[in-house]
Amino acid sequence: MLTGADRPLLEAPAVEVAPTLLGAVLTHTTPDGTVAVRVTEVEAYHGDGTDPGSHAFRGRTARNGTMFGPAGLLYAYFTYGMHTCANITCLPEGNASAVLLRAGRIVVGEALATVRRGGVAPVRLARGPANLASALGISLSDDGADVLGGGAYSLELARARPESIATGPRVGVSGDGGSAAFPWRFWLPGEPTVSAYRAAVRRVRSG
DNA sequence: GAAATGATCGTCT
DNA sequence: GACGATCATTTCA
């Protein structure tokens, strides 16, 4: 398990940290029990003004303040009126950079995760960023939690670097298509828990 | 199997 | 007031 002494491992740009997190195990312990997920898919987000898809693109706000904190924090945000997504922050304090946890495989607490997800098939428990957050029991109140601080969350990196890593454009990032062109999405090929790729599409308003 | 669509609310402009 | 780092369901093939 990583501790505060390991924080420098995460004090790198998101594109460098993202592949490192593939195969890592994130654990969350609550009064209900413990759920751990092996990360199989991630996306990098930057805050240096070069990434229009990042929450931090327009500078620091009340919501994205955690992205500007030190590396190794949990950045939880609420979106689409009903979903919570989880990131791990990168770079030292003052720099906005984070890795979105898009999908994973439940390795501990599958029963509890299944209850939280409403009884879906195991492979679907943490497929998709909002599903992953739900399975782990991550809520907005967990925003800013230190994953390396020995609290409710803990992180364990993969012992060996994965044999192969696939990269591609990010999912669900709308805009002029510019940011989606960068291969800032990383996943473990062959993992059934990796979410299906869907190109960013601007929603059509009904009525 | 693939594509379209509603749900639902915090956040930014 | 508009839209979003999404998901489950419905609809069509």
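What you see as residue numbers is a count from 1 along each chain, following the sequence as written. By the order in which they are written, chains take letters starting at A while ligands take numbers starting at 1. Whole-chain, interface and lining totals are the exception, using all residues; otherwise, since this is a predicted model, local features are given only for residues with pLDDT of at least 70 and side-chain atom pairs are given and counted only at 80 or more. No hydrogens and no water enter the side-chain calculation; it runs on all heavy atoms of the structure.

**What to know about the overall build of chain A**
The way it works is that DSSP assigns letters per residue, a run of H or I at least four long becomes a helix, a run of E at least two long becomes a strand, and they are numbered from the N terminus. A tally of helices and strands in chain A yields 3 helices and 8 strands. Secondary structure of chain A in N-to-C order comes out as α-β-β-β-β-β-α-α-β-β-β. Taken over C-alpha atoms, the radius of gyration comes to 16 Å for chain A, in line with the 17 Å a tight globule of 207 residues would show. Projected onto the principal axes, the alpha-carbon positions of chain A cover approximately 45 × 40 × 35 Å. Buried means the residue's accessible area, taken with a 1.4 Å probe over protein chains only, is under 20% of the maximum for its type, while exposed means over 50%, and partly exposed covers the values in between. Taking all 207 residues of chain A together, the buried fraction comes to 46%. Within chain A, contacts between residues at least 6 apart in sequence are counted, and of these 62% link residues at least 24 apart. Here, Shrake-Rupley sampling with a 1.4 Å probe gives the accessible areas, and only protein chains in the shown set may cover a residue. Roughly 10000 Å² of accessible area belongs to chain A as shown, and the carbon and sulfur atoms make up 52% of that amount. Using C-alpha atoms as the atom set, the radius of gyration is obtained and then compared with a globule rule of 2.2 Å times the number of residues to the power 0.38. Residue contacts are defined here by distance: any two heavy atoms, one from each residue, within 4.5 Å place the two residues in contact.

**Here we look at the protein's contact with DNA strand C**
Near, as used in this document, describes a residue that has one of its heavy atoms within 4 Å of the molecule or strand being considered. Around DNA strand C there are 23 residues in total, and H55, Y80, H83, N87 and G128 lie nearest to it. Among the atoms of DNA strand C lying within 4 Å of the protein, the sugar-phosphate backbone contributes 50%. Nitrogen and oxygen atoms within 3.5 Å of one another constitute a polar contact, given that in protein one can donate a hydrogen and the other can accept it, and given that sequence-neighbouring residues count only through two side-chain atoms. Here a phosphate oxygen of DNA strand C and a side-chain polar atom of H55 are 2.7 Å apart. Within the backbone of P129, one N or O atom sits 3.2 Å away from a phosphate oxygen of DNA strand C. If you list the elements that add at least two residues to the surface near DNA strand C, you get β3 (74–79), β4 (83–89), β5 (97–108) and α3 (129–136).

**As for unusual backbone geometry**
Although it is not a glycine, Y80 sits at a positive phi angle of roughly 55°. Within the secondary structure, Y80 is located in the loop between β3 and β4. Classification of Y80 by relative accessible area gives exposed; the value is 60%. A positive phi angle, near 60°, is found at L91, a position not held by glycine. One can find L91 in the loop between β4 and β5.

**Comments concerning the environment of L91**
Sequence separation between L91 and F186 is 95 residues; the distance between their C-alpha atoms is 19 Å. The residues contacting L91, other than those within four sequence positions of it, are L10, E11, A12, P13, G69, P70, A71 and S97.

**Some thoughts on the nonpolar core**
The biggest cluster of nonpolar side chains holds 40 residues, and the ones touching the most others in it are L26, V42, V99, I106, I138 and V147. Those elements that place two or more of their residues in this core are α1 (14–21), β2 (33–46), β3, β4, β5, α2 (110–116), α3 and β6 (153–156). Of all the elements, β2 adds the most residues to this core, at 5 residues. Ranked by size, the runner-up nonpolar core spans 12 residues in total, among them F68, C85, A98 and L100. Nonpolar core, defined: a set of buried Ala, Val, Leu, Ile, Met, Phe, Trp, Tyr and Cys residues in which side-chain atoms within 4.5 Å join the residues together.

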